[in-house]
Amino acid sequence: MPKVKLLMPVDSTFLSSIIHEGLLYLIKNYSQNFGLGEIDFEPNFLSKAYSQMDEERINKIRIAMAGNDNLNSKLFEKLGSNLKSRKTYYDLLLMLKNNSSIIKDRDPIELGHRISGKEHLIGIGKKDNGIAAPQLLKIDRYTGFTSLETPYTSKQFTLYISPEVALIYLVGIYSSFVGSIRQQNQNYYFFLFLSPDEVIKLLYEGNKSLLDAYMKVKNFAMEELEKVISRYPLNELMAIELALNLEIRRLMDSENLDKLSLLLFKIAPEGQTYKIYETLPLEIYRITPFYTIAEKYFGNAEKFIEKLSHALAPDKIIMEALSSLSKKNRYSEAENVLMAIQNLYRFVMLGDAQGFFGFLQKLDEARKKLENSKEAFRARLYNNIVAMF
């Protein structure tokens, strides 16, 4: 039975997050015995993981490799094959799926950091046994080694990874990729992970049922975030959508979870590499901070949430106005609507009732701005929302 020995820290870097995401996906599907230091997997777990990947999901992962990345050829070379994919993660994952029989077990797989000269090695003793890491894995700029307690603060290292680490990393991409958008001639990619605290808790407890519950809620959150990102990826809006989603609350209830902490990474190509534009912590609660306030002021909290969700639906005027912010012909009231959402965030995430009244006030200001113009029909739409409450 193949083993993976966990010798690398769990932290909030992209490198740690995506490798541990890959591991959690593999544990969920191909392990019954795991802990903070070691994981037992069923035979051929990596080969099975790739053969069973969903092609429709792979098709969404349209991320180009950057710079001098050669994972698309070197990984196959290390697996004993002369195959070579195009320099996209979509094509690489699809080729691995269609040729999963070339992936063999190595026992044990050691996931640990090592510094050798100017080389940062993961899962290997020397660079000749590994592959130069792709730019996405170097996106943290060696954060894990930059501290006053080490001699590495002013040094730069070249990262090399074992073929097995590369395969686990690619599983992490498959499992965490939320979606992408293009704004102002720039591509942005979004990845969702469990927070470091949640990962440590899962590995420490070794509870498969808890892992299944966490991953089920995270995957549902990914689906909901994909919808928001495709419309307008505003941080406050993403947090509000997760907090208002009754299906997530019901799922949290059925899985007996009180809270789940997530990390959303927003990444973009920059020259020959990538840059992390934002790391957004997201918290999902079974009982949200504003729920008690909603019951106090509006009686039935679930009906109130349904009304808010309806107002924020993709085909409604609020989303339409927000989407116009990134366009040349933006709606004249778009800034008022943005401020309305920022006020709603205060209410939904902090339980501040004044935030809700600020939300209504800003929507009413949007209405007034339009009511005597040729866009007066939009004024009626804002009025309808305010009248619902």
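The structure we're discussing is the one just above.
Residue positions are given per chain, counted from 1 along the sequence in the order it is written. Where totals are concerned, whole chains, interfaces and linings use all residues; where local detail is concerned, this predicted model gives features only for residues with pLDDT of at least 70, and gives and counts side-chain atom pairs only at 80 or more. Only heavy atoms go into the side-chain values, all of them from the structure, while hydrogens and water stay out.

Attention now moves to the overall build of the chain. What the chain contains, in helices and strands, is 16 helices and 12 strands. A globule of 389 residues ought to have a C-alpha radius of gyration of about 21 Å, and the chain, at 23 Å, matches this closely. With the principal axes as the frame, the chain shows a C-alpha extent of 70 × 45 × 45 Å. Working definition: with a 1.4 Å probe on protein chains only, accessible area under 20% of the residue-type maximum means buried, over 50% means exposed, and in between means partly exposed. Residues counted as buried form 53% of the 389 residues belonging to the chain. Contacts are residue-level and defined by heavy atoms, with any inter-residue pair within 4.5 Å sufficient. Taking as baseline every contact in the chain between residues at least 6 positions apart, the subset at least 24 positions apart corresponds to 69%. Just so you have it, the chain exposes about 17,600 Å², and 45% of that area is on carbon and sulfur atoms. Under the scheme used here, helices are H or I runs from DSSP no shorter than 4 residues and strands are E runs no shorter than 2 residues, and both carry numbers assigned from the N terminus. We compute the radius of gyration from the C-alpha atoms alone; for a globule the expected value is 2.2 Å times N to the 0.38, where N is the number of residues. Methods summary: accessible areas were calculated by the Shrake-Rupley approach with a probe of 1.4 Å, and residue burial reflects only the protein chains presented.

What follows deals with a nonpolar patch on the surface. On the surface, a cluster of nonpolar side chains totalling about 320 Å² of accessible area is made up of Leu36, Ile200 and Tyr204. Its location among the elements puts Tyr204 in helix α7 (residues 196–205). Taking relative accessible area as the criterion, Tyr204 reaches 65% and is therefore assigned exposed. Patch membership requires more than 30% relative accessible area and the absence of a salt bridge. Residues of like charge join within 9 Å; the nonpolar side chains Val, Leu, Ile, Met, Phe, Trp and Tyr join within 5 Å. Between Lys or Arg on one side and Asp or Glu on the other, a salt bridge is scored when a side-chain nitrogen of the former is within 4 Å of a carboxyl oxygen of the latter.

Quick look at the nonpolar core now. The set of buried Ala, Val, Leu, Ile, Met, Phe, Trp, Tyr and Cys residues whose side-chain atoms join them within 4.5 Å is what this entry labels a nonpolar core. The biggest cluster of nonpolar side chains holds 139 residues, and the ones touching the most others in it are Leu26, Leu96, Leu170, Phe191, Ile318 and Leu322. Sorting elements by how many residues they give to this core places helix α8 (residues 208–231) first, with 11 residues. Contact partners of Leu96, with chain neighbours within four places excluded, come to Tyr50, Leu75, Phe76, Leu79, Ile103, Leu167 and Leu170.

Okay, the side chain of Thr273 next. Inspection of the secondary structure assignment puts Thr273 in strand β12 (residues 273–285). Judged by relative accessible area, which is 16%, Thr273 ranks as buried. By the criterion applied in these results, polar contacts are pairs of N or O atoms within 3.5 Å in which, for protein atoms, one can donate a hydrogen and the other can accept it, and in which residues neighboring in sequence qualify only through two side-chain atoms. A polar contact of 3.0 Å, which involves the side chain of Thr273, links it to the side chain of Gln135.

This next bit is on the packing of aromatic side chains. Aromatic rings from Phe, Tyr and Trp, taking only the six-membered ring of Trp, are treated as a pair when their centres fall within 6.5 Å; an angle between ring planes under 30 degrees marks them as stacked, one over 60 as edge-to-face, and anything in between as tilted. All told, the structure shown has 21 aromatic pairs when counted by the stated rule. Ring geometry for Tyr25 and Tyr174: centres 5.8 Å apart, planes at 80 degrees, overall edge-to-face. With Tyr25 in helix α1 (residues 14–30) and Tyr174 in helix α6 (residues 163–176), this pair connects stretches of sequence that are 149 residues apart. By relative accessible area, Tyr25 is classed as buried at 15%. Ring geometry for Phe193 versus Phe265: centroids 5.5 Å apart, planes at 75 degrees, classification edge-to-face. In this pair, Phe193 sits in strand β10 (residues 186–194) while Phe265 sits in strand β11 (residues 259–270), placing the two residues 72 residues apart along the sequence. Grouped by ring-pair contacts, the aromatic residues Phe290, Tyr297, Phe298, Phe304, Phe347, Phe356, Phe357, Phe359 and Phe389 constitute a single cluster. Definition used: whenever NZ (Lys) or CZ (Arg) falls within 6 Å of the ring centre and also within 35 degrees of the ring normal, the charge is taken to sit over that ring. A cation over a ring is seen here: Lys275 above Tyr277, with NZ or CZ 5.0 Å from the ring centre. The ring centre of Tyr331 lies 3.8 Å from the NZ or CZ of Arg378, which sits over that ring.

To continue, consider the layout of surface pockets. Its boundaries defined by the atoms lining it, the largest pocket holds a volume of some 290 Å³. Along the walls of the largest pocket sit 16 residues, with Arg57, Ser175, Asn219, Met222 and Glu223 positioned nearest its centre. For the lining of the largest pocket, the secondary structure elements donating two or more residues are α1, α3 (55–60), α6, β9 (177–183) and α8. Residue contributions to the lining of the largest pocket peak at 6 residues, all from α8. Under this grouping Gly is polar, as are all residues other than the nonpolar Ala, Val, Leu, Ile, Met, Phe, Trp, Tyr, Cys and Pro and the charged Asp, Glu, Lys and Arg. Of the residues belonging to the lining of the largest pocket, the class tally is 6 nonpolar, 3 polar and 7 charged. Think of a 1 Å grid over the protein atoms and nothing else: a 1.4 Å probe that fits but is trapped marks a cavity, an open set flanked by protein within 12 Å on at least five of seven lines marks a pocket, and residues with an atom within 4 Å of a point count as lining. Grid points are joined across faces, edges and corners, and a volume is the space filled by probe spheres set on the points. The computed volume of the second largest pocket comes to approximately 240 Å³.

Keep in mind these numbers describe shape, not what the thing actually does.
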